[in-house]
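Structure assessment
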Amino acid sequence: MANAIRALAMDAVEKAKSGHPGLPMGAADIATVLFTRVLKLDPADPHWFDRDRFVLSAGHGSMLLYSVLYLAGFASVSIEDIKSFRQLGSRTPGHPEVEMTEGVETTTGPLGQGIATAVGMAIAERHLAAEHSADIVDHHTYVLASDGDLMEGLSQEAIALAGHLKLAKLIVLYDDNHISIDGPTSLSDSVDQVKRFESAGWAACRIDGHDPEAIATAIATAQTSDKPSLIACRTTIAFGAPTKAGSEKSHGSPLGAEEIAGARKNLGWTSPPFVIPDDILAAWRTAGARSRDLRAAWSKRVAALPAEKRAELERRICGEVPADRLAAALAAIKDRLAADPKDRASRAASELALEVLVPAFPELIGGSADLTGSNNTRPKGMSVMTPDEPGGRFIHYGIREHGMAAAMNGMALHGGIIPYSGTFLVFSDYCRPSIRLAALMGQRVVHVMTHDSIGLGEDGPTHQPVEHLAALRAIPHLQVFRPCDAVETAECWALALAAAHRPSVLALSRQNLPQLRDAKTDQNRCAGGAYELLPAESGPARVSLFATGSEVAIAVAARKRLAERGIAARVVSVPCFELFFDAPEETRQAVLGDAPVRVAVEAAIRQGWDAIIGSHGAFVGMTSFGASAPAPDLYRHFGITPERVVEVALSKLQAL
């Protein structure tokens, strides 16, 4: 059965003339034990909520996963898909993609992401089990990780968090083949991974990765541990290949016809390419169906729940955010703002919004990377998740931004949870690879990123984001919100939660902002991405002022000064570029208007703004890093003021 994996991997990589045959051949025994004797899953229902999760963190070895999905009977992968490995439009891309192939639990390829995402899955399982009981949620998360996964710094953040939270149902099988692309791992690494994991609070052991009984016994032991477990499986990369086994030459290149012929002989595999003998395929299919009765029993338990509890569970599983409940929550937030209009930092406005949203949506799980008091992500009364209290809804991630972002992806992928977390916007760089994957996978995660400009003041240029908004806006499918006041902040939160298949970033201010919007409105004006906040007075607009966040108030002040000079100007708030660009052309043009002069104001770099103001539009913002000083001094120093906006607008008008 293991040799069936090896044969399919060799043949598919050879036909594609591209891929990584070494890992599937080396880890075939591990995968065979997992999928035929351990994993609780049913190919007939790949989305069964209480299935075990399997994460191939070493995504380059994707043919391992595609092979077992086909062999176990998943309809998503046929033998024709195997033959189309790495081809345009196939369901077997070079690295596993969750939205493309049923049975794939997460998109992997960037090393370290899989194991860190799996930590989030294990967090979700433990939390939901505490909330709903083990009769409804009781499964493990298994990971196959490579040397490269464990070399990436992200893995340290992940394993430290998992060990701290005692995620006992997380089991990592380490494909310890001692080979990387450059050659032996000893060229660059001498870490004892067993001791490393033990120091992080894991149970850890070493076994022969080609001994099925040793693999099964180690997994059984791990299943009874009160800690997460690492099983270091000593394997030979490209097991069976006559000259390339144990060599980096089998890592990322086809073996070649002669080597494959030799491997077939060594393995005793006589079938032609892409042909699995009937008895072996039948054994695989029987093993794949062995959990069908468990799934049926689970379905009966869910059906026996009280109607209200069952409906809520099913809503959580499918990720539905009821529009009426969300609208009621937004209205309640706006009522509070209408009753107490005042200057608020948008980070404080976010906390006010969460005070309503968190009780309304029990699936919200919050957190912060050791900046809770600065990010305002823990509203009053929100309990903390600990090893002894897994039902808590707030996670102290520690200073682990990358691990936090990856774990959030895992929680979202697991289902039943909408994760959000906080850090400073400048540290989005630490989160970026995981945010990019969230966008690629279409997962609803919400990143609250405060201290969004030079407005944070004295901490200086190391902490003042300048290029970060542009960098985040460059990620396809990511919503980047930068609200101008408390009302917009509430509306942006509602939009982030309503976006079932898009991640969001809320870029929020440290400094207080005036409440520019009337809270007494049911309309979510941020939904279009941009809208006219203030129209021109006394005639058609000659100047359109576009701004986001804290700079909208600057644009409002500039409009007033221009009016005093007899120049009609309008102000357009642009809380979300992505939603604006998604709007119909006619809608966008109406918002852009026909004023001859367009000026954008944002305490960040210009990149991205030309799509709104055009290459001939004027921009008032940053062209360098910031500096350490009080925020008002910095705005004056860098010329982001109403006076400067007026000066630029007048210059453009005179040039007409």
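A brief report on the enclosed structure follows. Per-chain numbering applies: the sequence of each chain, read as written, is numbered from 1 onward. Only residues with pLDDT of 70 or above have their local features reported here, since the model is predicted, and side-chain atom pairs are shown and tallied only from 80 upward, although totals for entire chains, interfaces and linings are computed over all residues. Side-chain figures throughout are based on the complete set of non-hydrogen atoms in the structure, without hydrogens or water.

Our next topic: empty space enclosed by the protein. We place a 1 Å grid over just the protein atoms. Points where a 1.4 Å probe fits but has no way out form a cavity, open points with protein on both sides within 12 Å along at least 5 of 7 lines form a pocket, and any residue with an atom within 4 Å of a point lines it. Grid points are joined across faces, edges and corners, and a volume is the space filled by probe spheres set on the points. On inspection of all chains with the given rule, the structure shows three cavities of 30 Å³ or more. Counted as a void, the largest cavity has a volume near 100 Å³. Asp, Glu, Lys and Arg are counted as charged, while Ala, Val, Leu, Ile, Met, Phe, Trp, Tyr, Cys and Pro are counted as nonpolar; the rest, among them Gly, fall into the polar class. Of the residues contributing to the lining of the largest cavity, the split by class is seven nonpolar, one polar and three charged.

Moving on, we come to the pairing of strand β11 (residues 418-424). The classification of residues rests on relative accessible area computed with a 1.4 Å probe and restricted to protein chains. Under 20% of the type maximum is buried, over 50% is exposed, and intermediate values are partly exposed. We count a stretch as a helix when DSSP gives it H or I for four or more residues in a row; a strand needs E for two or more, and each element gets its number in order from the N terminus. Burial runs high along β11: seven of the seven residues are buried. Pairing between strands is defined by DSSP: at least two bridges between them are needed. Direction of pairing for strand β9 (residues 364-368) relative to β11: parallel, over a ladder of two bridges. Of the residues in β11, the one forming a bridge with Ile365 is Pro419. With five bridges connecting them, β11 and strand β12 (residues 446-450) associate as parallel partners. Bridge assignment links Phe424 to a residue of β12, and that residue is Thr450.

In this section: the packing of aromatic side chains. Aromatic pairing here means that ring centres of Phe, Tyr or Trp (its six-membered ring) are within 6.5 Å. Orientation follows from the plane angle: under 30 degrees is stacked, over 60 is edge-to-face, and everything else is tilted. This model, assessed by the stated rule, comprises 10 aromatic pairs. Plain terms: the ring middles of Phe35 and Phe54 are 5.3 Å apart, the flat faces sit at 80° to each other, and that makes the pair edge-to-face. Separated by 19 residues along the polypeptide, Phe35 in helix α3 (residues 28-38) and Phe54 in strand β1 (residues 53-56) bring together distant segments of the chain. Judged by relative accessible area, Phe54 falls into the buried class, the value being 6%. An aromatic cluster is present here, built from Phe577, Phe580, Phe581, Trp609 and Phe619 joined pairwise through their rings. Only lysine NZ and arginine CZ atoms are considered, and such an atom sits over a ring when it is within 6 Å of the ring centre and within 35 degrees of the ring normal. The residue whose ring lies beneath Arg53 is Phe49, and the NZ or CZ to ring-centre distance is 5.6 Å. When the ring centre of Tyr70 is taken as reference, the NZ or CZ atom of Arg285 above it lies at 5.2 Å.

Moving on, we get to the sheet that holds strand β2 (residues 141-145). Spatially, β1-β2-β3-β7-β6 is the arrangement adopted by the five strands of the open sheet, whose pairing is parallel. The strands lining the two open edges of the sheet, one partner per strand, are β1 and β6 (203-208). Taken pair by pair, the neighbouring strands of this sheet meet at an average axis angle of 20°, ignoring direction. When strand β3 (residues 170-176) meets strand β7 (residues 229-234), the two strands line up parallel, connected through six bridges. If you follow Tyr174 over to β7, its bridge partner there is Ala232. Against the sheet, α3 touches β1, β2, β3 and β7, its axis set at about 165° to β2. Against the sheet, helix α10 (residues 212-223) touches β2, β3, β6 and β7, its axis set at about 170° to β6. Every angle, taken between N-to-C directions, lies between 0 and 180 degrees, and every axis is a line fitted to C-alpha atoms, over only the stretch in contact when it is a helix. Here a residue-residue contact requires only that any non-hydrogen atoms of the pair lie within 4.5 Å.

A word on the sheet that holds β12. Spatially, β10-β9-β11-β12-β14-β13 is the arrangement adopted by the six strands of the open sheet, whose pairing is parallel. At either margin of the open sheet sits one strand with a lone partner, and together these are β10 (394-396) and β13 (479-481). Here the average twist between neighbouring strands, direction ignored, is 20°. Where β9 lies against β10, three bridges are found, and the strand directions are parallel. Across the sheet, residue Gly366 finds its bridge partner in β10, namely Phe394.

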